[in-house]
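Residues per chain, in single letters:
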Amino acid sequence: MQPFQLIKVSGSALERGRQIGMKAKKQIVHNINTYKKIFMDMAGVDWTTATNRAADYIPWIEKYDQEIMNEIIGISEGSNQPLLDIVALNSRSEIILNTDGCTSVAVLPEVTKNNETLLGQNWDWNDVIKPGIIILEIDQAPRPKILMATEAGIVGKIGMNSEGLGVCLNLLGTQNNTVGVPIHIVLRGILNSKSISQAVGQVARLRRGTAANFLVADDEGVAFDIESTCTDFDVLYPSAGTINHTNHFVSKRMDFLDTAREKFPDTFVRYWRSLNLLSTHKSDIDEQTLNHIFTDHFGYPDSICRHGDLYPVDLGRISASCTVFSIVMNLSKKTFEISTGQPCSSDHHTYRLSQLQLNEY
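Given the structure is predicted, the values throughout are model-derived calculations rather than measurements.

## Observations regarding the overall build of the chain
For the chain, the helix and strand inventory stands at 12 helices and 15 strands. Rg of the C-alpha trace for the chain: 19 Å, near the compact-globule value of 21 Å for 361 residues, within the 12% margin. C-alpha atoms of the chain, sized along the principal axes, occupy 50 × 50 × 40 Å. By element, 50% of the accessible surface of the chain is carried by carbon and sulfur atoms, the whole surface being about 13,400 Å². The average position of the 33 basic charges and that of the 41 acidic charges among the side chains of the chain differ by 3 Å.

See the structure below:
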C-alpha cells in the first residue's frame, strides 16, 4: 500500500486550516461519509443528530484554545464542508462514546540500545477509515512544530513535536460522561506543549467530554501515563524504564465503574502481553523491538496486532477491530516509523520532523 499522504501547513490558525482543508479534501470527505455510516451502524445516530451534538462542543473548544477552533474553521472553509461536519469529526469519540482501542508503550533511555526515548502504539479501529489517514506537519510558530498521524479533518492525534514531546492515545470507558473538551482537542493541546508538565496541565485544566488515556514522553527521558475521566485524572509512572497501557484503568486512586474493561476484556491480555514482551529485554530495546511487539498475535484474534476477525456468535461479542496503523516514535531523533495497515504484513515508512524525508524499509 502507498504511504499515507504527507501534508505540510503553516501560517495563522485560519490559514493552516484552509491549507489542510484544500490539500486533504478527498480524505476529509471520506471521513465524513465513513462516520455517517459508523455512527448509524454502531450507535443508531444519524448525521443530523451527530452534528447537533457536535455544536455543544464548540464553546468548550473555544474556551480551551481559540486558535484550535480557528484551525477547525479554516478546515471547513478549505474543504468546503459544513463547519459542524468538521466539529463532528473532532468530537466523534464523544458523540458515540469512544469505541476505538489500542496498545501503547513508552521506553526510556536507560533500557534502550542507543539511550533514546521511544514511544509507540497500534491504533486499532474500523479499517474502513484507512483511506482517510494523513501525515500532517504543522508549523505554528511560536508554538512547537507538530508531526502527527491523524484522521484528516481532526486537529489532534498521535505524534510528536519539535520540543521532543510525543503522545499516544488509548480509549477508556466510564459512566456518566458529560459535555466537555473533546479528547482529540486535548491531544492537540498536548502536542502544543513545550514540556511534559505543560502536557499534564493540558489534560487537567478543563472538563473533558469522555474518558481517555494519554501516554506522553519526551526526549529528556521522561514518560507519564495520564488516565482521565471527564472530571478526574491520575498520573502513572514507568517501572524499570518502561510503561505500557491498553484500554482499562490501572490507577487505584479513582473510584468509578470501568465500562471499557467490561466491553473489551481483551485489554487485560494485551496489557499483560506487551508488559511481558518488554520485560524480556534488559537494555537493548530499539525501534525494531517495539515493531516486533506490535506484530504479536498471542491470543488471536484478541491480540496486539488485530485483523478484524469475527468471534463465534455464541460469545456475544462484536467483531474485533483492525490495526489501522502501527507507529513507533524516536523522540530523541524526532522521527517515527508508521505502517500502512497491520504491522505484521504492511510496509513501514519513516518520517523526520522538520526535514520530513520519506523513506521505505
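## Quick word on helix α8 (residues 183-191)
Extensive coverage of α8 is indicated by the burial of nine of its nine residues. Burial in α8 covers these residues: Ile183, His184, Ile185, Val186, Leu187, Arg188, Gly189, Ile190 and Leu191.

## Comments concerning the packing of helix α5 (residues 66-79) against helix α6 (residues 83-90)
Following both chains from N to C, one finds α5 and α6 inclined at 125°, their axes separated by 9 Å at the closest point. Looking at the two axes, α5 sits oblique to α6. Of the two elements, α5 crosses α6, and the hand of that crossing is right-handed. Contacts from Met69, Ile72, Ile73, Ile75, Ser76 and Ser79 in α5 reach Leu83, Ile86, Val87 and Asn90 in α6.

## Observations regarding the nonpolar core
Formed by 84 residues in total, the largest nonpolar core has its most connected members in Phe214 and Phe325. With six residues, the top contributor of residues to this core is α8. Once residues lying within four places of it in the same chain are set aside, the contact partners of phenylalanine 214 are Val167, Cys168, Leu169, Ile183, Val186, Leu187, Ile190, Val203, Phe224, Asp225, Ile226 and Ser228. Residues Ile285, Leu290, Ile293 and Ile304 belong to the second largest nonpolar core, which totals 12 residues.

## Things to note about unusual backbone geometry
Cis rather than trans, the peptide bond between alanine 141 and proline 142 has omega equal to 10°. Checked against the element boundaries, proline 142 lands in the loop between β4 (133-139) and β5 (146-151). Proline 301 follows tyrosine 300 through a cis peptide bond whose omega is 5°. Residue placement: proline 301 occurs in the loop between α12 (287-294) and β12 (322-330). Residue asparagine 80 is not a glycine yet carries a positive backbone phi of 60°. Positioned with a positive phi, lysine 334 is a non-glycine residue whose angle comes to about 60°. Relative to the helices and strands, lysine 334 is located in the loop between β12 and β13 (335-339).

## Focus: α6
Across the eight residues that make up α6, a large majority, six, are buried. Among the residues making up α6, those that are buried are Asp85, Ile86, Val87, Ala88, Leu89 and Asn90. Buried-residue contacts for α6 involve α2 (25-43), α3 (47-55), α4 (58-64), α5, α7 (92-95) and α8.

## Focus on a nonpolar patch on the surface
The grouping of Val269, Trp272 and Phe298 at the surface amounts to a nonpolar patch, some 270 Å² of accessible area in total. Residue placement: phenylalanine 298 occurs in the loop between α12 and β12. Phenylalanine 298 sits in the partly exposed class, given a relative accessible area of 40%.

## Re empty space enclosed by the protein
The gaps of empty space that remain are located by a probe, the size of a water molecule, rolled over the atoms. Scanning the entire structure with this criterion turns up one cavity of 30 Å³ or more. If you add up the space inside the largest cavity, you get close to 30 Å³.

## Side note on the pattern of salt bridges
If the charged atoms of two oppositely charged side chains come close together, the side chains can form a pair. What the rule picks out here adds up to 20 salt bridges. A salt bridge links lysine 333 to glutamate 116, with the nearest nitrogen and oxygen atoms 3.8 Å apart. Of this pair, lysine 333 sits in the loop between β12 and β13 while glutamate 116 sits in the loop between β2 (101-107) and β3 (118-125), placing them 217 residues apart in sequence. A salt bridge links arginine 270 to aspartate 266; the nearest nitrogen and oxygen atoms lie 2.9 Å apart. Taken together, the residues arginine 270 and aspartate 266, both in helix α11 (residues 266-279) and four residues apart, mark about one turn of the helix. Grouping residues by exposure puts arginine 270 and aspartate 266 together as buried.

What counts and what doesn't
Residues numbered from 1 in each chain as written. Predicted model: local features only at pLDDT ≥ 70, side-chain atom pairs only at ≥ 80, totals over all residues. Heavy atoms only, no water. Helix = DSSP H or I, 4+ residues; strand = E, 2+ residues; numbered from the N terminus. Rg over C-alpha atoms; globule rule 2.2 N^0.38 Å. Areas by Shrake-Rupley, 256 points an atom, 1.4 Å probe, with all protein chains shown as cover. Lys, Arg positive; Asp, Glu negative; His and termini not counted. Charge placed at Lys NZ, Arg CZ, Asp CG, Glu CD. Buried < 20%, exposed > 50% of the residue type's maximum accessible area, 1.4 Å probe, protein only. Axes fitted to C-alpha atoms, helices over the stretch in contact; angles between N-to-C directions. Parallel < 35°, antiparallel > 145°, perpendicular 65-115°, else oblique. Left-handed = near helix turned anticlockwise from the far one by under 90°. Contact = heavy atoms within 4.5 Å. Core = buried A, V, L, I, M, F, W, Y, C linked by side-chain atoms within 4.5 Å. Patch = residues over 30% accessible without salt bridge, like charges linked within 9 Å, V, L, I, M, F, W, Y side chains within 5 Å. Salt bridge = Lys/Arg side-chain N within 4 Å of Asp/Glu carboxyl O. 1 Å grid on protein atoms, 1.4 Å probe; cavity = no way out; pocket = protein on both sides within 12 Å on 5 of 7 lines; lining within 4 Å. Points joined across faces, edges and corners; volume = space filled by probe spheres on them.

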